[in-house]
Structure formats: structure tokens, C-alpha cells
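Observations on the three-dimensional arrangement
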Amino acid sequence: MNKIYDKLTGLDFAIVAIYLVALLVIGYIASFRNKKKDETLFLAQNSLNWYNIGFNMWGTNVGPSSLLAFASIGYTAGIVGGNFEWYAFVFLLLLAMVFAPRYIASKVSTMPEFMGKRYGKSTQDILAGYALIKILISWLSLGLFSGGILVRQILGIPMWQSTIALVAFSGLFTYMGGLKAIAKVNVFQMILLIVVSLTLTYLGLQKIGGLSALAAKTPAHFWNLTRPASDAGYPWHALLLGYPVSAVAFFCTDQSMVQSVLGAKNLKQGQLGVNFIGWLKVLALPMFILPGIICYVLFPGIVDDKLAYMTMVTNLFPAGLNGLVICVLIAVLVATIGSSLNALSTVFTKDIYVNSINKNASVKQQVYVGRLVVIAGCVLAVLMAIALDNIKGKTLFDIFQSILGYLAPPLAVTFLLSVFWKGTTKLAVNLILSAGSAVSLFTGMLNLWILPPDAATGKNTWWPHYFLVSFYLFVFLFVAAIIISLLDRNKVKATIEEGALPKTDKQVRILFILLGLVILSLYLIFNFH
């Protein structure tokens, strides 16, 4: 077991204390230095630049699960985990070119509000309820759970203590400042994350003798992004078909991710921010995956692959830098949990409280309710994280991906059809978001808890890969939505924007073409080994 706490010095504690205070001060100043505070808790007054948006989206995406899970995948399987970062280019492009212009032109603050403008209040209410469930499960609970694992590894304290401490600080930060504070601070903390992670990789490579020595000491298949269809962990066809379902829902419809784009100064800044996160994702290999591969060479035979990242930290960093590592972990946790709490608050306040409970609520009342939701979200997230800690037999990464895979199909179907097919009716959207969501979630419960596959005993191993199950659900719901729309006699269709959407700037198009070429090069380099 890692004993980071035993290695901490007075300097480490001082660094951590100064950093925690600095986070709160920066957040407070960022949100309250001007007099217009009405939208502070929600959309940052549409004041975010491309770098704020990119760092904030990346900070939300790169949670503690990335540090643990990508290192663990690197330790057990090599760079195959890079697919989850580089394949995402396609769906970031979809967000920037298709969804972002419509979101910004609609002048909405939440995804349910966007769908409500197209199909009416009932659709907005259904999607708001589902969005709250999704944020609570896939963001708050899983993010807090993985963060609790990290803190437990570092300090050796129980999960309930770890989660309470983490969510209390993140909740306080969100309560005080909201999205603008989180976005401003993310510029600083994401740079810190890059520096520390790259330093860890550099020290590991130095100890091994360089990249060529690392390649020589690892199996050849470690350097392939695609795996054969017979691969039990990440077969190529499951990733090709199933990951897009999760990616569309995650990058294009998820409030926690899209919220920063909604807070952009204009469309160009929003699109450049989305492009920027794509470039940051290129760094996934040296920052998150290589440490796991290096750990495979330097420290073979560790008991739990989830310990790969912290094993590297405790054995490679010199005395005095452990405090900085803890600061980076806190930064990632605050970004993920804080943005999720902010998204939860925004969806409940805008789409449920104002829309259904108190339509004449003042801005002061909205902010007050939003902060109560933050507190409630903290409590629920702690309880869920503790419950997740009792799930056995699943890796952290697969728990995260499978849960997202079962939450995603209804969202992917309804948003894609709403944007690309004018024949989609209100009845179809509402049924897919309600009954379709129930089918999808129940299937997930069967696969993860009720009838989970057990490779050791052969019990229930008839389940396909969870990405394939997600794809099959998507196809079923997609076809069902089309049939319902065609048979629907009322034909209540979306209110589509008649005016021309804002055009994409030439600079944005060029940057996406360059990014696409880089991603294509990576797939050509890291295959056929």
C-alpha cells in the first residue's frame, strides 16, 4: 500500500494549505468583482473565452477516474485507452459544427430548455428529470467515488471520510462562485495537471532508459490502438459501434460538458474552445497512459492495477513534491465535482423550479434555490459514492464506461433525430426519453448488478460487451422513434429555427482540419505492431 502520508513534510502541508486558500480566493474574486451577479452561478454571463471553455471542458472530462483508470489500462493493456480520447475528435467536431451553433442561437442555459423550445414543456420536464439522474450518477457519484479512491490511497482514510472532505470543499467552491469561478481557476489548475503528469512520465522514462527501452520491455500489442474482435476487454467492433453512442450523449448533450460552450462570448469562442479540448486530448498518451505502461516495466506484479498511478508518484517523485501532487489531484476533483454540482443546480433551478414550481421567481430566489440544490447534491453524491464502493468484480474504468453506455442511448437518439430529421415528433421524443430510458437503465441494472457476467465461473457470460449492448439499445430506440413518428397522427414536430445559423469562422475550420490530421496520424502510428 502507498504511504504518501508518511512521506509528507512541512513544505508539503504548506503547499496544500496555500493552494486550498488560493482556490477559494481566486474563485471569489472571479465571480464577485463586478456588480452584475445575476447569472454568476449559472452561465458566467456569457463571458468565457476559448481557453476558459477548453480548460473547463477538459477539467470536467479529466476527472480522478482518468488518472486512475488510464494508468491502470496502460498497466494491463497498453495504449488501447487512447481510443477514448482520440476517437472523441469526431464527436467534438459534431458538437462544434452542428450542435453548438443551434445551442447558442437558441440562447438557452440548459439542454432541457433547448428541447423544451423545440417540443414544449412536457419534453423539457422529462429531459430535466433524466438529466438530473444522469448528472447525479455519471458525474457526481462516479467522480466522487474515484476521487475517494485516490484520497484513500494517499492518506489511508475510509471512503466516507474521503468523500465527505472532497465534496464539502467542492460544494463550498461552487456555492461561492459558480461556473465562472470554476472556469477561471481551471486555466491555472489544468496547467498544473499537465506539468505534474508530464514530469511523472519524464522521470519514469529516464529511469527506464528512454522510449526505445520502454518499447523493448513491453509486449508488441501494448502499442496497438485497435484490438481483434476476440479481445475480451476492448474488441475493435465494440469500440467502433458502441463508443459513438456514449460520445454523442457525453460531448454533445451533457449539461456538464456543454455548459461551458453555452457560456461562450460568441459562437467562434465556443467552437475554438471545443477545438482546444481536442488538442488537449492528444496529451492523453504521455500524461495518463504512459505512466501505466512505465509502471508495468518498473513495478511489475502490483496487487491492484488501480494503484499504478500512485505507485509511480510515491516511488519517482523526490521528497517535497508530494504536496504538489496532492494539489493537482485536488484541482482535478474540484473541477469535476464543482462543474457537476453547478450543472445539477442549473438544470434543477432553470428547468424544474422556474419552469414548474415558481415561474415568477426572482434572480435572488433562483440563486438561493440553486445553492440549496448544491448542498442536496453533495449529500446524495456521498451516499452514492459509498454505495459504489461496495460493487465488486469491476474495474473503475469499466464501471464508468458501462454506466455511461446505459445512460446514453435515449439522449443520443432524441438529440440526433431532433437536429437531423424534421419528421421527428414530440410523442416519439417523449416516449424515448421516458419509456426508452427505463428500458435502457433496466438493462444496465441487469448487466451490472442483477445478472452480471462472471468470467471465473462462466455464469451469465452470454452478455455481449457492454458497448455492444449500448449500441443495440441505440438501434432499437432509434428505429422505435422513427416508427412512432411515422405512425403519430398528431404530428407535433419541432419548432426548427427558420433563420440562417451563424457561420463557422475559417480559422475554426482550419484548426479542426489540422487536429483531424494529427488524430489520423496517431492511429496510423499506433497500430500494426
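Criteria and thresholds
Residues numbered from 1 in each chain as written. Predicted model: local features only at pLDDT ≥ 70, side-chain atom pairs only at ≥ 80, totals over all residues. Heavy atoms only, no water. Helix = DSSP H or I, 4+ residues; strand = E, 2+ residues; numbered from the N terminus. Buried < 20%, exposed > 50% of the residue type's maximum accessible area, 1.4 Å probe, protein only. Contact = heavy atoms within 4.5 Å. Areas by Shrake-Rupley, 256 points an atom, 1.4 Å probe, with all protein chains shown as cover. pLDDT = per-residue confidence, 0-100. Polar contact = N/O pair within 3.5 Å; in protein donor to acceptor, adjacent residues only side chain to side chain. Axes fitted to C-alpha atoms, helices over the stretch in contact; angles between N-to-C directions. Parallel < 35°, antiparallel > 145°, perpendicular 65-115°, else oblique. Left-handed = near helix turned anticlockwise from the far one by under 90°. Nonpolar A, V, L, I, M, F, W, Y, C, P; charged D, E, K, R; others polar. Salt bridge = Lys/Arg side-chain N within 4 Å of Asp/Glu carboxyl O. Expected span 1.5 Å × (residues − 1). Bend = angle between axes of the 7 residues up to and from the residue.

**Concerning the overall build of the chain**
What the chain contains, in helices and strands, is 22 helices and zero strands. When each of the 529 residues of the chain is scored for burial, the buried share is 60%. Within the chain, residue pairs in contact and separated by at least 24 positions form 85% of the contacts whose partners lie at least 6 positions apart. As displayed, the chain offers around 20,500 Å² of accessible surface, 68% of which is attributable to carbon and sulfur atoms.

**Some points on the confidence of the model for the chain**
For the chain, the average pLDDT comes to 85, and 89% of its residues sit at 70 or higher. Contacts from residues 34-42, a stretch scored under 50 in pLDDT, to residues over four places away or in other chains number 34 contacts.

**Brief notes about the side chain of Ser141**
Turning to its location among the elements, Ser141 is positioned in helix 8 (residues 121-155). Within polar-contact distance, the side chain of Ser141 engages the backbone oxygen of Leu136 at 2.6 Å. For Ser141, the contacting residues outside a window of four places in its chain are Leu136, Ala381, Met384, Ala385 and Leu388.

**Let's talk about the packing of helix 6 (residues 89-106) against helix 12 (residues 236-253)**
The axes of two packed helices give the description: the angle between them and the distance between them. Axis separation between helix 6 and helix 12 bottoms out at 9 Å; the angle between their running directions is 40°. Here helix 6 lies oblique to helix 12, going by the angle between them. Considering the relative orientation of helix 6 and helix 12, their crossing is right-handed. Two secondary-structure elements touch here, helix 6 through Phe91, Leu92, Leu94, Leu95, Phe99 and Tyr103 and helix 12 through Tyr243, Pro244, Ala247, Val248, Phe251, Cys252 and Thr253. Residue composition of the contact of helix 6 with helix 12, grouped by class: 12 nonpolar, one polar and no charged.

**Focus: the pattern of salt bridges**
Enumeration over the complete set of coordinates arrives at six salt bridges. Two residues, Asp125 and Lys121, come together in a salt bridge whose shortest N-O distance is 2.8 Å. Of this pair, Asp125 and Lys121 both sit in helix 8, four residues apart, which is roughly one turn of that helix.

**Description of the packing of helix 7 (residues 111-119) against helix 8**
As a packed pair, helix 7 and helix 8 sit with axes 7 Å apart at the nearest point and diverge in direction by 160°. In terms of orientation, helix 7 lies roughly antiparallel with respect to helix 8. Judged by the twist between their axes, the crossing of helix 7 over helix 8 is right-handed. Every residue of helix 8 that contacts helix 7 at Met111, Pro112, Glu113, Met115, Gly116 and Tyr119 is listed here: Lys121, Thr123, Gln124, Leu127, Ala128 and Ala131.

**Some remarks on the environment of Val374**
The residue Val374 is located in helix 18 (residues 363-388) in this model. Looking at Val374, the relative accessible area reads 1%, which means it is buried. Spatially, the C-alpha atom of Val374 lies 8.8 Å from that of Leu172, the residues being 202 residues apart in sequence.

**Focus: the side chain of Thr425**
Tracing the backbone through its elements, the reader meets Thr425 in the loop between helix 19 (396-420) and helix 20 (426-450). For Thr425, a relative accessible area of 0% corresponds to the buried category. Sequence-distant contacts of Thr425, that is, excluding residues within four places in its chain, are made with Tyr119, Ser485, Asp488, Lys491, Val492 and Lys493.

**Looking at helix 15 (residues 284-298)**
With 15 residues, helix 15 ought to run about 21 Å at 1.5 Å a step, and its terminal C-alpha atoms sit 20 Å apart, in line with that. Largest kink in helix 15: about 45°, centred on Leu290, with the proline Pro291 one to four residues after it. Of all 15 residues making up helix 15, 12 are buried, and the element is well covered by its neighbours. Within helix 15, the full set of buried residues consists of Ala284, Leu285, Met287, Phe288, Ile289, Leu290, Pro291, Gly292, Ile293, Ile294, Cys295 and Val297.

**Section: unusual backbone geometry**
Phi is positive for Asn460, which is not a glycine, with a value near 60°. Topologically, Asn460 is positioned in the loop between helix 20 and helix 21 (466-487). Phi at Lys491 takes a positive value of approximately 50°, unusual for a residue other than glycine.

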